[in-house]
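Each chain is listed here by its residues.
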Amino acid sequence: KPSFTVAPNPTKDRVKISGENITFVQICDLSGKVIATQNFSALDEAIIDLSGFQTGVYLAKVTAENDSSNAVKILKQ
């Protein structure tokens, strides 16, 4: 599985997801409801703006160019 890191975590507004060839990020709440999606052109760093989200825990499903994906937990303050 690919390795992605999220910083800062917890965050108040933006997070930077770092990895290799990131093409898609899907943000879900803990019930599994998709609340945001964003496409990228194979970036090694993707910036996600969570400033409009409520305080809580979210899962970011990050997909890389080779269709491998991994989920990372994000704490929104």
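Everything quoted here is computed from the prediction, not taken from an experiment.

Conventions and cut-offs
Residue numbering note: each chain is counted from 1, following its sequence as written. Note on the predicted model: pLDDT of at least 70 is required for a residue's local features to be given, and 80 or more for side-chain atom pairs to be given and counted; whole-chain, interface and lining totals, by contrast, use all residues. Side-chain numbers come from the whole structure's heavy atoms, not from hydrogens or water. Secondary structure is summarised from DSSP: a helix means a run of H or I of at least four residues, a strand means a run of E of at least two, and numbering begins at the N terminus for each. Any residue under 20% of the maximum accessible area for its type is buried, any over 50% is exposed, and the rest in between are partly exposed; the area is computed with a 1.4 Å probe on protein chains only. Whether two residues are in contact is decided by their heavy atoms, any of which lying within 4.5 Å being enough. The convention is simple: Lys and Arg are positive, Asp and Glu are negative, and His and the chain ends are not counted. Charged groups are reduced to one reference atom each: NZ for lysine, CZ for arginine, CG for aspartic acid, CD for glutamic acid.

Asker: Residue-level account of the overall build of the protein chain, with values.
Answerer: From N to C terminus, the protein chain includes zero helices and five strands. Listing each helix as α and each strand as β along the protein chain from the N terminus yields β-β-β-β-β. For the C-alpha atoms alone, the extent of the protein chain along its principal axes is close to 30 × 25 × 20 Å. Counting over 77 residues, the protein chain shows a buried share of 32%. Put simply, 49% of the contacts in the protein chain that link residues at least 6 apart link residues at least 24 apart. With 8 positive and 8 negative side-chain charges, the protein chain shows a separation of 10 Å between the mean positions of the two kinds.

Asker: Explain the side chain of Ser 18 residue by residue, including any values.
Answerer: Position of Ser 18 relative to the elements: it lies in strand E2 (residues 14-29). Ser 18 has contacts with Ser 3, Phe 4, Thr 5, Asp 44 and Glu 45, leaving out every residue within four places of it along the chain.

Asker: Could you give an account of the environment of Ile 74, with specific residues and numbers?
Answerer: Relative to the elements of secondary structure, Ile 74 occurs in strand E5 (residues 69-76). The class of Ile 74 is buried, set by a relative accessible area of 0%. C-alpha separation for the pair Ile 74 and Val 15, spaced 59 residues apart in sequence, amounts to 8.5 Å. Ignoring anything within four residues of it in the chain, the contact list for Ile 74 reads Val 6, Asn 9, Thr 11, Val 15, Ile 27, Leu 50, Gly 56, Val 57, Tyr 58 and Ala 60.

Asker: Account for unusual backbone geometry, with residues named and values stated.
Answerer: Note: most residues except glycine have negative phi, and most peptide bonds are trans. The step from Ala 7 to Pro 8 runs through a cis peptide bond, and the omega angle for that step is -10 degrees. Looking at the element boundaries, Pro 8 is found in the loop between strand E1 (5-7) and E2. Residues Asn 9 and Pro 10 are joined by a peptide bond in cis, for which omega reads 10 degrees. Inspection of the secondary structure puts Pro 10 in the loop between E1 and E2. Non-glycine residue Ala 42 carries a positive phi angle of around 50 degrees. Mapped onto the fold, Ala 42 is located in strand E3 (residues 34-49). Residue Ala 42 is classed as partly exposed on the basis of its relative accessible area of 26%. Phi is positive for Asp 67, which is not a glycine, with a value near 70 degrees.

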